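# Summary of the model geometry
Spelled out, the chains give:
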Amino acid sequence: KGMLTWRTKPLTKDDINKDGKAVFQWAATTGFFTQPKGGHFILLVNGKEFLKFDVSSTTTSWQSPDKRGTLAYNVLGFTRADNEDTVGVMKLTLPAGTVKIGESVEIGVKGSASNSMRFFMLYETP
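Residues numbered from 1 in each chain as written. Predicted model: local features only at pLDDT ≥ 70, side-chain atom pairs only at ≥ 80, totals over all residues. Heavy atoms only, no water.

## What to know about the packing of aromatic side chains
In the structure shown here, the tally under the stated rule is 3 aromatic pairs. Judged by centre distance (5.1 Å) and plane angle (75°), the rings of Trp6 and Trp26 are edge-to-face. Highlighted residues: Trp6 in strand E1 (residues 3-7) and Trp26 in strand E2 (residues 22-31), separated in sequence by 20 residues. Its relative accessible area of 18% is what places Trp6 among the buried residues. Residue Trp26 is classed as buried on the basis of its relative accessible area, which comes to 7%. Taken together, the ring pairs connect Phe41, Phe53 and Trp62 into an aromatic cluster. (Phe/Tyr/Trp six-rings, centres within 6.5 Å; stacked < 30°, edge-to-face > 60°. Helix = DSSP H or I, 4+ residues; strand = E, 2+ residues; numbered from the N terminus. Buried < 20%, exposed > 50% of the residue type's maximum accessible area, 1.4 Å probe, protein only.)

## Considering the sheet that holds strand E5 (residues 60-63)
The strand order E5-E6-E7-E2-E9 describes an open sheet built from 5 strands, whose pairing is antiparallel. The open sheet is flanked by E5 and strand E9 (119-122), the only strands paired with a single partner. Neighbouring strand axes in the sheet, compared pairwise and without regard to direction, differ in orientation by 30° on average. One ladder, built from 4 bridges, connects E5 with strand E6 (residues 70-78); its direction is antiparallel. Residue pairing for E6: Gln63 is matched across the bridge by Thr70. (Pairing = 2+ DSSP bridges. Axes fitted to C-alpha atoms, helices over the stretch in contact; angles between N-to-C directions.)

## Focus on the sheet that holds strand E4 (residues 48-53)
Taking strand neighbours across the sheet as the criterion, the 4 strands line up as E1-E8-E3-E4 in an open arrangement whose pairing is antiparallel. A strand with exactly one partner marks an edge of an open sheet, and here the two such strands are E1 and E4. Averaged over all pairs of adjacent strands, the angle between strand axes in this sheet comes to 20°, irrespective of strand direction. Relative to strand E8 (residues 106-111), strand E3 (residues 41-45) is paired through 5 bridges, and the arrangement is antiparallel. Residue Phe41 lies in a different strand from E8, and its bridge partner there is Gly111.

Take a look at the structure:
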């Protein structure tokens, strides 16, 4: 049921590619794969639901319902010997027109109430 939000720096023209898309990356961990499914995480962009994702033990990606944006998770390894939790890099691609130069983006991840111990964790990086 928890919610985690963070804000990007204000965007410059260099942050938006030639197709008008913006890409954000962050280090993350997902875990407790053996916990009951049914739960998921909701990724929000500027307070609006963008897509749903779940824990993953392998590199994977999820698409927004309109198929214009993605969240990719590049799994780089496991954080525990029992392979319950992975660590990797998440890459969020937002479609053209979603963000504006000079404005920051609020990204959020909200858990569902599923009686599961599955988790998402964000690492702060410089």
